[in-house]
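Now for the letters of each chain:
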Amino acid sequence: MKLRLGLSILLMVAIATLIQACSRPPTPQESCNFVQNPEQQRVSWKSSLPVKLYLHSSVPAEAYPVIDKAISEYNLTVGGGREMFKIVARGASGDMNPGRDGYSMIYWFGSWDKSRPTEQARTTIYWSGSEIFEADIRINAANFRYYFGEDTHFSEVDLNSLMVHEIGHVLGLAHNVTSGSVMNITLDQGQVRRRLGAMDQTSLKCEY
Ligand SMILES: [Zn+2]
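These numbers were taken from a predicted model, which means no experiment stands behind them.

(A) The overall build of the protein chain, seen in detail. Helix and strand counts for the protein chain come out as 4 helices and 8 strands. Each helix and strand of the protein chain, ordered N terminal to C terminal, gives the series β-α-β-α-β-β-β-β-β-β-α-α. When the 208 residues of the protein chain are sorted by exposure, 37% land in the buried category. In the protein chain, 70% of the contacts between residues at least 6 apart in sequence involve partners at least 24 apart.

(B) The arrangement of the nonpolar core in detail. With 45 residues, the main nonpolar core has Ile67, Ile106, Leu159, Met163 and Ile167 as its most contacted residues. Examining the composition of this core, we find that 6 residues originate from one element, helix 3 (residues 159-170), more than from any other.

(C) Expanded view of helix 4 (residues 198-205). Every buried residue of helix 4 is listed here: Asp200, Ser203 and Leu204. Projected down its long axis, helix 4 carries its buried residues within an arc of 95 degrees, all on one side. Projecting away from the buried face of helix 4 at angles above 90 degrees are the exposed residues Ala198, Thr202 and Lys205. Where the residues of helix 4 are buried, they touch helix 3.

(D) Molecular detail of unusual backbone geometry. Cis peptide bonds are those with omega within 30 degrees of zero, and the linkage from Leu49 to Pro50 qualifies with 0 degrees. The topology assignment puts Pro50 in the loop between helix 1 (13-20) and strand 2 (51-56). Even without glycine at this site, Cys32 takes up a positive phi of about 50 degrees. Residue placement: Cys32 occurs in the loop between helix 1 and strand 2. Of note, Asn33 is a non-glycine position whose phi angle comes to about 70 degrees, a positive value.

(E) Fine view of the confidence of the model for the protein chain. Scored by pLDDT, the protein chain has a mean of 88; 88% of the residues are at 70 or more. Per-residue pLDDT stays below 50 along residues 11-17; that stretch engages in 8 contacts with residues further than four places along the chain or on separate chains.

(F) Spatial organisation of the environment of Lys86. Secondary-structure assignment places Lys86 in strand 3 (residues 85-92). Ignoring any residue separated from it by four or fewer positions in sequence, one finds Lys86 in contact with Pro50, Lys52 and Leu53.

(G) Structural view of the environment of Gly129. Considering the arrangement of structural elements, one finds Gly129 in the loop between strand 5 (119-128) and strand 6 (131-140). Taking the C-alpha atoms as reference points, Gly129 and Arg42, 87 residues apart in sequence, are found 9.7 Å from one another.

Reading the values: rules and limits
Per-chain numbering applies: the sequence of each chain, read as written, is numbered from 1 onward. Thresholds applied to this predicted model are a pLDDT of at least 70 for local features of residues and 80 or more for the giving and counting of side-chain atom pairs; totals over whole chains, interfaces and linings are not thresholded and use all residues. Strands here are runs of E lasting at least two residues and helices are runs of H or I lasting at least four, both read from the DSSP assignment and numbered beginning at the N terminus. Counting other C-beta atoms within 10 Å of a residue's own tells you its class, since 20 or more makes it buried, 12 or fewer makes it exposed, and anything in between is partly exposed; those C-beta atoms are placed from the backbone. Distance between backbone-placed C-beta atoms decides contact: two residues are in contact if it is within 7 Å. Under the definition applied here, buried Ala, Val, Leu, Ile, Met, Phe, Trp, Tyr and Cys residues are grouped into a nonpolar core through C-beta atoms within 7 Å. What the arc covers is the set of directions going from the helix axis to the C-beta atoms. pLDDT measures how confident the predictor is about each residue, on a scale from 0 to 100.

In structure tokens, the structure reads:
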């Protein structure tokens, strides 16, 4: 069964329009496999690094080291000595209602949209102009069982691989179909894809 990884893109067009009304139109850019704004510019965090992540209290503690490992993949591979992500709180309180609240949060959902049962996770990014300022990750723990260990299990989704994919969205990456990329739209049960592929690294260099 092919399982889908969701990406929800919220356009902060109101802010962007205000700025552009009194400035030159921005130059379109190559996508480099990034999400692009309506002016075809890549959206990313630019120099606002590291991205500060919060783990909501719904995230089970056994997932913490797996999330740390996924973040390390970016910190060690992409940053060139620069820290890309920093987890500033674990077990953060607050309701299960991700939205634009100033906190980039990872949530673990025990119930999920009934119309999207094959969606393993959903990352929402918020930006202004071409700069991302917040991202929220929802994990679907209602329809999927996750594997937290080092090797794999055929009937469970590898959480490490899933997190590497979703964190790619946080940085602004879109889906692609290139073999070996962590940004493929599907992740099968038992499939392992924990390391950034060559294309992912090349793409990220366009912005980071
Ligand atoms: Zn995705």
